[in-house]
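Read off the chains here:
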Amino acid sequence: MGNIDNDKKFREMADAFIAEANILSKKEDRGMVSASFLYAAARFNIFLVAASSGSANEFASKKENSVNALMAEFKKMLEDHFDNYKENFEKIWGDKMQSLRPNLTVVNFSSR
């Protein structure tokens, strides 16, 4: 599979997760949807680390590198999306922002 096909598949999968989050956001608090989305991503990524480990000791030895790599990748993605929204805020949101505010709560992740 070429890079273009991989990129297309990657974006389709990401869009499927976002579509599910959007469905949940219609009936649940968006902050809670966001927090559960991050929680699920963390659980799945640790599952992948565990699945690639031959023992509990090997798994434990991968903690620092795995956490650092995942956090660096997430930080890069978050910064890229922030920059995109900043550059295209009016185009992306237009008049939508006011209608979304009532169901928008920022979750305090430090309390978890």
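Here's a quick rundown of the structure. These numbers were taken from a predicted model, which means no experiment stands behind them. Residue positions are given per chain, counting from 1 as you read along its sequence in written order. It should be noted that, the model being predicted, local features are given only for residues of pLDDT at least 70 and side-chain atom pairs only at 80 or more, the latter also being counted only at that level, while totals for whole chains, interfaces and linings use all residues. As a rule here, side-chain values come from all non-hydrogen atoms in the structure, and water together with hydrogens is ignored.

## Some thoughts on the packing of aromatic side chains
Centre distance and the angle of the planes are the two values used to describe a pair of aromatic rings.
Moving on, step 1. The criterion for an aromatic pair is that two Phe, Tyr or Trp rings (for Trp, the six-membered ring) have centres within 6.5 Å, with stacked assigned to planes under 30 degrees apart, edge-to-face to planes over 60 apart and tilted to the rest. Per the stated rule, a full pass over the model turns up two aromatic pairs.
Moving on, step 2. Aromatic pair Phe 44 and Phe 47: ring centres 5.8 Å apart, planes at 35 degrees, arrangement tilted. Linking Phe 44 with Phe 47, this pair stays in helix H2 (residues 30–51), spanning three residues, or about one helical turn.
Moving on, step 3. Any residue under 20% of the maximum accessible area for its type is buried, any over 50% is exposed, and the rest in between are partly exposed; the area is computed with a 1.4 Å probe on protein chains only. The exposure class assigned to Phe 44 is partly exposed, which follows from its relative accessible area of 49%. Numbering goes from the N terminus for both helices and strands, where a helix is a DSSP run of H or I of at least four residues and a strand is a run of E of at least two.

## Overview of the pattern of salt bridges
Moving on, step 1. Salt bridge, as used here, is a side-chain nitrogen of Lys or Arg placed within 4 Å of a carboxyl oxygen of Asp or Glu. Applying the stated criterion to the full structure yields five salt bridges.
Moving on, step 2. In this structure, the salt-bridge partner of Arg 11 is Asp 7, at a minimum N-O distance of 3.5 Å. Taken together, the residues Arg 11 and Asp 7, both in helix H1 (residues 3–25) and four residues apart, mark about one turn of the helix.
Moving on, step 3. The exposure class of Asp 7 is partly exposed, given its relative accessible area of 38%.
Moving on, step 4. Of the charged contacts, one joins Glu 79 and Lys 75 as a salt bridge, the two residues approaching to 3.1 Å between their closest N and O atoms. Placement of the pair is Glu 79 and Lys 75 together in helix H4 (residues 63–93), with a separation of four residues, close to one helical turn.
Moving on, step 5. By relative accessible area, which is 41% here, Glu 79 ends up partly exposed.

## Considerations on a nonpolar patch on the surface
Moving on, step 1. Within this analysis, patches are made of residues with over 30% relative accessible area and no salt bridge. Like charges are joined at 9 Å or less; nonpolar side chains (Val, Leu, Ile, Met, Phe, Trp, Tyr) at 5 Å or less. All accessible areas in this document rest on Shrake-Rupley with a 1.4 Å probe, and a residue is counted as covered only by the protein chains that are shown. A surface patch of nonpolar side chains, about 390 Å² in accessible area, is lined by Met 13, Phe 17, Ile 18 and Phe 37.
Moving on, step 2. Of the residues forming the nonpolar patch, the biggest block, three residues, is contributed by H1.
Moving on, step 3. Mapped onto the elements of the fold, Phe 37 is located in helix H2.
Moving on, step 4. The class for Phe 37 is partly exposed, based on a relative accessible area of 36%.

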